[in-house]
Amino acid sequence: MEKGNWYSLAPPAMLITILSALRSYALIVIYFAYRTYQRFDSLSIFNSFDLFIDFLISILPAILVIISGIMDYRRFRYLLGEEQLHIHSGWLRREKKTIPVDKIQSVQIEQNWLYQMLNVYLVKIDTIGEDKLEVEIGGVWEQDAIDLKSKIQTIKKRTEDEHRMAEPTEVDAGIEYNYALPNRLISRYAITENMLWFLLPLALSIILLYRIYNSADAGQLTWQLLIDLVFGNLDPTGSSLEPEDFSSSYFILYGLLLATFSSGMFFFNKVFGLFNYSMDFQNHEIQIRRGLINKFETIVPQRKIQFTTWYTNFIRRKLGIFTLSYKYAGGRKTLGANAIVPFFEEDIVDELIQPYIYVNPEEHCHTITISPVYVWRNYFLVKLPLSIVIISICYWIQEWVFYLSFGVLIYFWIYNTLYQRNFRMHLYEDYFLKVQGVWGRRHTLVLWEKLQKTEIRQSPYQRRKGLANLSLHTAASNISIPYINLKTSEDIVDYGLYRTERSKVFLF
Amino acid sequence: MNKLESDHDEPFYNNWVSINELPRASDLEFTPVDPEYLYVRLSNVLIMTIIGGLLLTVFILFSAMSFIYKMYILVGFVLLMLLWALLVYLEFKIRGYAIRSQDIVYRSGLIFRQRQYLPFRRVQHCKITEGLIERLFNFSTVVVSAAGDDIVIHGLRPDEAQNLQQFINEKVDALTKEMHYGKR
């Protein structure tokens, strides 16, 4: 353990823990107050057992949470050493965390209104690849917060400088590459964008509107009538139904219209965000500028790209439209993010992935496939239960929909067969390439040293047959390969670990 | 799979490195979890049985089912919990960890067996947690985190956990010192 002073939270932080505990139980407290108010005239907790139980159920957890909050405050200690940040916390569940200072990605000092009133600060410390915040030091004096931040930054800068000093500075600025797309091509890309989540709620709302129109017994359908239908201004005279019969339909209709609107806006934002597209790669950085209305600029350092993937769906495949995505760690959140490049000729993919790796098209590779048993195993364990759910839902909709729904049984069989047939994993010296897809195709290219963790999983059947599911975790996302030979999966794990352990380059 | 197996006869992965010279992760000798940790695992089942049993009893008392159905439900619940306890007992024997010079491996799962491998070079941080029941039985858990995923090693004595955390911290520190910024 490193030497140094352990710091605890500032006393006002106790009030913060109590208030946040109360805030999380606010709903229960309000509910209890409401219940008490309802029975106020005749009952109190002292003469009603029922109400007393209510009181216990509502208040006891809140009291426990407050006590636990106070104890948490008392237990929280932190120590910033020369190399590591140590945090001891927790009352019922104790935690001793050690974070190497050079793994810290960001330190933020914040103050919301409560912190402002108490004149203390919240320090948020984050490492990479976690979906939640790593450390939150809630309630330190201003000077302590500033000291902590500057000390972390100083240590981090010093170690970074040492690492840079140790390695001769790279004179070569790397390759340079420019790529731009005319708006004509972007329009082509936009038209073929997957609009399912926009069209589905739209179609459902039209169907619902038509059903309301039909049941309302209204006259000729006009725009005015449509507006009246949407806003519920139906003339009750001549209607075969009571007005309140529509309330649930309107509830669903407004939900669907809201879904259509939001998915439509999301779709338009996505599409308009791609116009005026240009990408530059220089000084080991990718710089993407895009956007018609709102301008976007993304800068991704080369070393932060964890893997690249390019994909297309059935229609786009026929039209020759592809999307390439650089999956990088960091970005707005510390979790993985995407930098997207639309492209229209499959041949240029080798150029586009240059920022990640230079691919030698003549390099020999070892190709593996997934076992044919995947088809029926996955069918019976995953697709069949899913089909039963779909068919039972369709049974309640309409007779002919029910009969048609049996088609999913055949569809899923074809789906699994094609999935198994198209699945390929090519193993190269420096990277592996996974190709998968049923109607479309998705290629995923990962450098071996970008692996973070590997996992082999076997069901009893797979153990008997010498098969395994392999998961390869990177800092941006996971890559899974089902039903491959156990020996092959172990070889992949061994080689992946070997390459990772040998690599001496920072990934972030 | 014949094709794949036959592929292994010829040198795998071309000629970059002989795959046979790599340390075999599959031949590891796993350290089993301390036998007493089974009590912690069974205590969790017991607590769930008590809480679930109480809720179920309240539900049954207020329901209008016939006596025989009520008995079926209660007996079914007890059998289910016994089955869970049996699974916990059998699974316990499988659990184990192995620490090599460059990585850490954890084995678990009875029905779905899994082996997780995490190289020290990718460790982001390491923490020790102690739950209430774990503390009663004097145990700790070590969580080794990489960017994106963790390996959780249960059933270590507090001093073992402390030593393991220190070992990993020193290892990570030494490995980080030899790393550099660069393209590859």
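Residues numbered from 1 in each chain as written. Chains lettered and ligands numbered in written order. Predicted model: local features only at pLDDT ≥ 70, side-chain atom pairs only at ≥ 80, totals over all residues. Heavy atoms only, no water.

Bringing the overall build of chain A into the picture now. For chain A, the helix and strand inventory stands at 16 helices and 21 strands. Across the 508 residues of chain A, 46% fall into the buried class. Within chain A, counting contacts between residues at least 6 apart in sequence, those at least 24 apart form 53% of the total. Of the accessible surface of chain A, which amounts to about 27700 Å², a share of 60% is contributed by carbon and sulfur atoms. (Helix = DSSP H or I, 4+ residues; strand = E, 2+ residues; numbered from the N terminus. Buried < 20%, exposed > 50% of the residue type's maximum accessible area, 1.4 Å probe, protein only. Contact = heavy atoms within 4.5 Å. Areas by Shrake-Rupley, 256 points an atom, 1.4 Å probe, with all protein chains shown as cover.)

If you walk through the whole model with that rule in mind, you get 25 salt bridges over all chains. In this structure, the salt-bridge partner of A:R316 is A:E193, at a minimum N-O distance of 3.6 Å. Taken together, the positions of A:R316 in helix α10 (residues 314-319) and A:E193 in the loop between α6 (183-191) and α7 (196-216) put the pair 123 residues apart, joining distant regions of the chain. The burial state of A:R316 is the same as that of A:E193; both residues are buried. A salt bridge links B:K177 to B:D173, with the nearest nitrogen and oxygen atoms 3.3 Å apart. (Salt bridge = Lys/Arg side-chain N within 4 Å of Asp/Glu carboxyl O.)

Close inspection of predicted coordinates is inappropriate in any region flagged by low pLDDT. All names here are of chain B. Across chain B, the average pLDDT comes to 84, with 83% of residues at or above 70. Mean pLDDT per element in chain B: helix α1 (residues 2-7) is the minimum at 39, and strand β4 (residues 113-119) is the maximum at 93. Between residues 1-16, whose pLDDT stays under 50, and residues either more than four places distant or in other chains, the model counts 28 contacts. As a predicted assembly, this complex carries a pTM of 0.82 together with an ipTM value of 0.83. (pLDDT = per-residue confidence, 0-100.)

Residue and element names in this part refer to chain A. Its identity is not glycine, yet N276 carries a phi of approximately 55°, on the positive side. Structurally, N276 can be placed in the loop between α9 (247-272) and β9 (277-282). A positive phi is found at H284, a non-glycine position, where the angle reads about 60°. Mapped onto the fold, H284 is located in the loop between β9 and β10 (285-290).

A word on the environment of B:L80. Checked against the element boundaries, B:L80 lands in helix α3 (residues 67-94). For B:L80, a relative accessible area of 53% gives the class exposed.

So, about the pairing of strand β12 (residues 305-312) of chain A. Residue and element names in this part refer to chain A. Burial analysis of β12 places seven of its eight residues in the buried class, the great majority of the element. Sheet topology places β12 next to strand β13 (residues 322-328); six bridges connect them, and they run antiparallel. Bridge pairing links I305 to Y328 in β13. (Pairing = 2+ DSSP bridges.)

As a general point, the strands of a sheet are linked pairwise by backbone hydrogen bonds and lie either parallel or antiparallel. In space, the seven strands of this open sheet follow the order β21(A)-β20(A)-β19(A)-β4(B)-β3(B)-β2(B)-β1(B), with antiparallel pairing throughout. Both edges of this open sheet fall to β21 (478-485) of chain A together with β1 (31-32) of chain B, since each of them pairs with a single strand only. Here strand β19 (residues 451-458) of chain A pairs with strand β20 (residues 467-474) of chain A via six bridges, running antiparallel. Bridging across to β20(A), A:I456 finds its partner in A:L470.

Looking now at the interface of chain B and chain A. Across the boundary between the two partners, chain B contributes 65 residues, which contact 78 residues of chain A. The junction of chain B with chain A conceals about 6800 Å² of combined surface from both sides, 51% of it contributed by carbon and sulfur atoms. Across the chain B-chain A interface, the total number found is five salt bridges. Its salt-bridge partner being B:K177, residue A:E83 comes within 3.1 Å of it at the nearest N-O pair. (Buried area = accessible area lost by both parts, 1.4 Å probe.)

For the rest of this paragraph, the subject is the confidence of the model for chain A. Residue and element names in this part refer to chain A. Predicted confidence across chain A gives a mean pLDDT of 85, with 89% of residues reaching 70 or more. Within chain A, helix α2 (residues 26-38) has the poorest average pLDDT of any element, 70, and helix α14 (residues 407-422) the best, 96. Below a pLDDT of 50 lies the segment residues 331-335, which in the model reaches ten contacts outside its immediate sequence neighbourhood of four places, other chains included.

It is worth spelling out the pairing of strand β7 (residues 150-156) of chain B at this point. All names here are of chain B. Alignment of strand β6 (residues 140-146) against β7, held across five bridges, turns out to be antiparallel. Note on β7: the bridge partner recorded for S145 is D150. Linking β6 back to β7 in an antiparallel pair, the connection comprises three residues, with G148 at a positive phi of about 110°.

All names here are of chain B. Within the secondary structure, Y39 is located in helix α2 (residues 37-62). By relative accessible area, Y39 is classed as partly exposed at 48%. Expressed as a C-alpha distance, the spacing of Y39 and E134, which sit 95 residues apart in the sequence, is 9.4 Å.

A separate point is α9(A). A rise of 1.5 Å per residue sets the reference length of α9(A), with its 26 residues, at 38 Å; its end C-alpha atoms lie 37 Å apart and thus fit the reference within 8%. By the burial criterion, the buried members of α9(A) are A:Y250, A:L253, A:L256, A:T260, A:S263, A:G264, A:F267 and A:V271. (Expected span 1.5 Å × (residues − 1).)

Residue and element names in this part refer to chain A. When its volume is computed, the second largest pocket comes out at roughly 670 Å³. Lining the second largest pocket are 26 residues; nearest its centre among them are T17, D72, F76, S89 and E136. Listed by contribution, the elements that provide at least two residues to the lining of the second largest pocket are α1 (12-24), α3 (49-75), β3 (84-89), β4 (94-100) and β7 (135-140). With five residues, the top contributor of residues to the lining of the second largest pocket is α3. Here the lining of the second largest pocket is built from residues that sort into twelve nonpolar, eight polar and six charged. (1 Å grid on protein atoms, 1.4 Å probe; cavity = no way out; pocket = protein on both sides within 12 Å on 5 of 7 lines; lining within 4 Å. Points joined across faces, edges and corners; volume = space filled by probe spheres on them. Nonpolar A, V, L, I, M, F, W, Y, C, P; charged D, E, K, R; others polar.)

Residues and elements named next belong to chain B. Along the chain, S108 falls in strand β3 (residues 103-108). The buried category is assigned to S108, whose relative accessible area is 8%. In contact with S108, other than residues within four places in its own chain, are E91, I94, R95, R113 and Q114.

Residue and element names in this part refer to chain A. Counting 76 residues, the largest nonpolar core has Y179, M279 and L352 as its most contacted members. Element by element, the count of residues in this core is highest for helix α16 (residues 486-502), at five residues. In this structure, Y179 is in contact with Y277, S278, M279, V341, P342, F343, I348 and L352, ignoring residues within four places of it in sequence. Core analysis: the second largest hydrophobic core is formed by 22 residues, I99, Y121, A145 and I155 among them. (Core = buried A, V, L, I, M, F, W, Y, C linked by side-chain atoms within 4.5 Å.)

On to the sheet that holds strand β11 (residues 296-301) of chain A, then. Residues and elements named next belong to chain A. As summarised here, the arrangement of the four strands in space is β8-β9-β10-β11, forming an open sheet in which the pairing is antiparallel. Each edge of the open sheet carries a strand with a single partner, namely β8 (177-181) and β11. Sheet twist, expressed as the average angle between the axes of neighbouring strands with direction ignored, equals 10°. When β10 meets β11, the two strands line up antiparallel, connected through six bridges. Bridging across to β11, Q287 finds its partner in I299. (Axes fitted to C-alpha atoms, helices over the stretch in contact; angles between N-to-C directions.)

The subject of this paragraph is the packing of α2(B) against α3(B). All names here are of chain B. At a minimum axis distance of 10 Å, the contact between α2 and α3 shows a crossing angle of 170°. Between α2 and α3, the angle falls in the class roughly antiparallel. Note that α2 runs across α3; the crossing there is right-handed. A breakdown of the residues in the contact of α2 with α3 according to their chemical character gives 17 nonpolar, four polar and three charged. (Parallel < 35°, antiparallel > 145°, perpendicular 65-115°, else oblique. Left-handed = near helix turned anticlockwise from the far one by under 90°.)

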